[in-house]
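# Summary of the model geometry
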Amino acid sequence: MSDALVTAAPIGAPIGAPRPTVYIETYGCQMNVADSELMYGKLVASGYDAVDVPDGADVILVNTCAIRENAETRVIGRLGELKKFMRPGSVMGVTGCMAQRLGPRVLEQARHVSIVVGPDGYRALPELLDGARRGEKFTATDFDLEEHYEDVVARRFEGVKAWIPVQRGCDYRCTYCIVPTTRGPERSRKLHEVVREVHEVVNQGLTEVVLLGQTVNSYNDGTHDFADLLRAVGAVDGIRRVRYTSPHPNDFSDRVIAAMAEVPTVCGHIHLPMQSGSTSMLKKMLRRYSREDYLACVERMRAAIPGLALTTDIIVGFPSETDEEFADTLSLCQEVRFDDAFMFKFSPREGTPATRMPAEWTIPDDIVATRFELLLKTVRGISRENNMRRLGDTVEVLIEKVARDGELLQARSRDFKTIMVPADAGAIGDYLTVKLSGTTGATFMGTPVVEQTERKPLPMMAG
Ligand code: 5AD
Ligand code: SF4
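The rules behind each value
Residues numbered from 1 in each chain as written. Chains lettered and ligands numbered in written order. Predicted model: local features only at pLDDT ≥ 70, side-chain atom pairs only at ≥ 80, totals over all residues. Heavy atoms only, no water. UniProt positions renumbered as here; feature names shortened; annotations may be inferred. Helix = DSSP H or I, 4+ residues; strand = E, 2+ residues; numbered from the N terminus. Contact = heavy atoms within 4.5 Å. Pairing = 2+ DSSP bridges. Axes fitted to C-alpha atoms, helices over the stretch in contact; angles between N-to-C directions. Buried < 20%, exposed > 50% of the residue type's maximum accessible area, 1.4 Å probe, protein only. Polar contact = N/O pair within 3.5 Å; in protein donor to acceptor, adjacent residues only side chain to side chain. Near = heavy atom within 4 Å. Nonpolar A, V, L, I, M, F, W, Y, C, P; charged D, E, K, R; others polar. Areas by Shrake-Rupley, 256 points an atom, 1.4 Å probe, with all protein chains shown as cover.

### Some remarks on the UniProt feature "binding site: [4Fe-4S] cluster 1" (unreviewed entry) in the chain
Those places that UniProt annotates as "binding site: [4Fe-4S] cluster 1" (unreviewed entry) correspond, in this numbering, to Cys29, Cys65 and Cys97. Spatial clustering of the annotated residues is evident: they stretch over 69 residues in sequence, but the largest pairwise C-alpha distance comes to 10.5 Å. Here Cys29 lies in the loop between strand 1 (21-26) and helix 2 (30-45). In this fold, Cys65 is placed in the loop between strand 3 (59-64) and helix 3 (69-83). With near-sequence residues (within four places) excluded, Cys65 lies in contact with Tyr27, Gly28, Asn32, Ala71, Glu72, Cys97 and Met98.

If you want it as structure tokens, here you go:
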């Protein structure tokens, strides 16, 4: 990150005028976090100062998620709250998936919002904001299949790891999912561009990268597949941990599994969305695999990668889900023994095929709630049993941040376990070897067993 970028004059601002400030609030997935870092990068390069509170900011952007209804409801509420931080001359914008989905409807629902910009429109933000500050209103929701923001230097906020989008959009058409509508068709960045960014990240002092895509393992830049990408990124000098999220079970070629197994920097953890354990449900979801296919995928991966940790996503109450079909989800959880899972109640999204299914297929809220509780109990129980068995193990952790209690530090093992470590905040960014000395069932306590192995400088956090 060069100082020259940080000191550029604001577009359209009189010479000598103070730099306008921008605050971005982010909702949703890591792709949105990465996009917010790009937006900050673009705006700082255009003369803005980034601020971390909305109070009095010249520009407030809310980067939104549309995956479930409650994500959108929350944002609508938040737009109202943020209004009170605006002062005369401030402008507010809505970006991300909800902006793409609702377009000008956002301007009608929240009159104090001036710009609505979808995920492929962030390059134009400085000009759109200039217009907004002159009192104009804009909606920019065209897809741009060439847009990877290659020349924009992300302004990273995460202290120890870098989110790196390698693919945008999605070509699957899971019947419940709004993402193909909000993020458009799948396209991959060129491998050499990703590797260039990974080198930059290392130069900023980071040692872990998380490669991002909606179906990241279907990555293909026309010449290279995901296996090539893992090998290339994993070989970058200075990188100690490579992760990726989220893959699709159908895109785990033998080449990808071999790359995972053979590249030492690639971490032994896969987040493998399952959605349901019932083949008939999976068919209605258009997931394009059966229960048996999913299990076979897990077995191939476990055979190749000893000690592999697996986490997943599960949807409860998809239209027409019977008790038996839900029981199949529980039993697949028992069979795979996931380390953890994100569980969701089905949320109908306007325009998706699931909303056109017969009305009588809708599962009543009380049944969904009962199933959800049962699933939660099952997943947590398995996770606790897995974790209890790990007590006494010695693992390498990367210290990420101060834990919520404000005293311990929060770290991650290579297999993505959360471990609380008693250490000084100066240890953030360090790799330590710890013994797993206790567990709540979900997270661990770790006792350092050797002196820290290496100290990495923190990345520059300018502005
Ligand atoms: N309702 C509930 N959960 C959903 N997901 C995606 N769309 C929906 C929906 N309409 C979940 C899936 C996906 C995760 C990111 O969000 O489990 O993997
Ligand atoms: Fe949505 Fe399915 Fe694409 Fe994932 S693979 S983003 S769930 S459509």
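### Comments concerning the sheet that holds strand 3
The strands making up a sheet associate through hydrogen bonds between their backbones, and the pairing can be parallel or antiparallel. Taken together, 6 strands build an open sheet; the order of strands is 2-1-3-4-5-6 and the sheet is parallel. Two strands bound the open sheet, and with one partner strand each, they are strand 2 (49-50) and strand 6 (138-140). Bridge analysis of strand 3 against strand 4 (residues 91-96) gives 6 bridges, and the strand direction is parallel. Each residue of the ladder has a partner; that of Val62, found in strand 4, is Val94. Here helix 2 sits on the sheet in contact with strand 1, strand 2, strand 3 and strand 4, set at roughly 175 degrees to strand 1. Strands in contact with helix 3 are strand 1, strand 3, strand 4 and strand 5 (113-117); relative to strand 3, the strand with the most contacts, it is inclined by about 170 degrees.

### Focus: the environment of Tyr172
On the secondary structure map, Tyr172 appears in the loop between strand 8 (167-168) and helix 7 (179-183). For Tyr172, a relative accessible area of 11% corresponds to the buried category. Separated by 81 residues in the primary sequence, Tyr172 and Ser253 have C-alpha atoms spaced 17 Å apart. When neighbours within four sequence positions are excluded, Tyr172 is seen to be in contact with Pro180, Thr215, His248, Asn250, Asp251 and Arg288. Here the side chain of Tyr172 touches Asp251 through a polar contact of 2.8 Å, side chain to side chain.

### Comments concerning the site of ligand 2
Residues in close proximity to ligand 2 include Cys170, Tyr172, Cys174, Tyr176, Cys177, Val179, Pro180, Gln214, Thr215 and Arg287, which together make up its full environment. Of the residues assigned to the shell around ligand 2, the class counts are 7 nonpolar, 2 polar and 1 charged.

### Here we look at the pairing of strand 7 (residues 161-165)
Among the 5 residues that make up strand 7, 5 are buried, leaving the element largely enclosed by the rest of the structure. Alternating positions in strand 7 separate into two faces, Lys161, Trp163 and Pro165 on one and Ala162 and Ile164 on the other, with burial throughout. Of the strand pairs in this sheet, strand 7 and strand 10 (residues 208-212) are connected by 5 bridges, and their pairing is parallel. Within strand 10, the position partnered with Lys161 by the bridge is Glu208.

### What about the site of ligand 1?
Around ligand 1 sit Ile67, Arg68, Tyr176, Gln275, Asp313, Ile315, Phe344, Lys345, Phe346, Ser347 and Arg349, and that is every residue in its neighbourhood. In the model, an oxygen atom of ligand 1 is placed 2.9 Å from a nitrogen or oxygen of the Arg68 side chain. Within the complex, the protein chains bury 87% of what would otherwise be the 400 Å² of accessible surface of ligand 1. Sorting the residues of the shell around ligand 1 by element identifies strand 13 (309-316) and strand 14 (340-345) as the ones contributing at least two each.

### Topic: the sheet that holds strand 7
The strand order across the open sheet formed by 3 strands is 7-10-11, and the pairing between neighbours is parallel. Both edges of this open sheet fall to strand 7 and strand 11 (241-245), since each of them pairs with a single strand only. The average angle at which neighbouring strand axes cross in this sheet is 20 degrees, direction not considered. Of the pairings in the sheet, the one linking strand 10 to strand 11 comprises 5 bridges and is parallel in character. Bridge pairing in strand 11 places Glu208 opposite Arg241. Relative to strand 7, helix 8 (residues 191-203) is tilted by about 165 degrees, and along the sheet it contacts strand 7 and strand 10.

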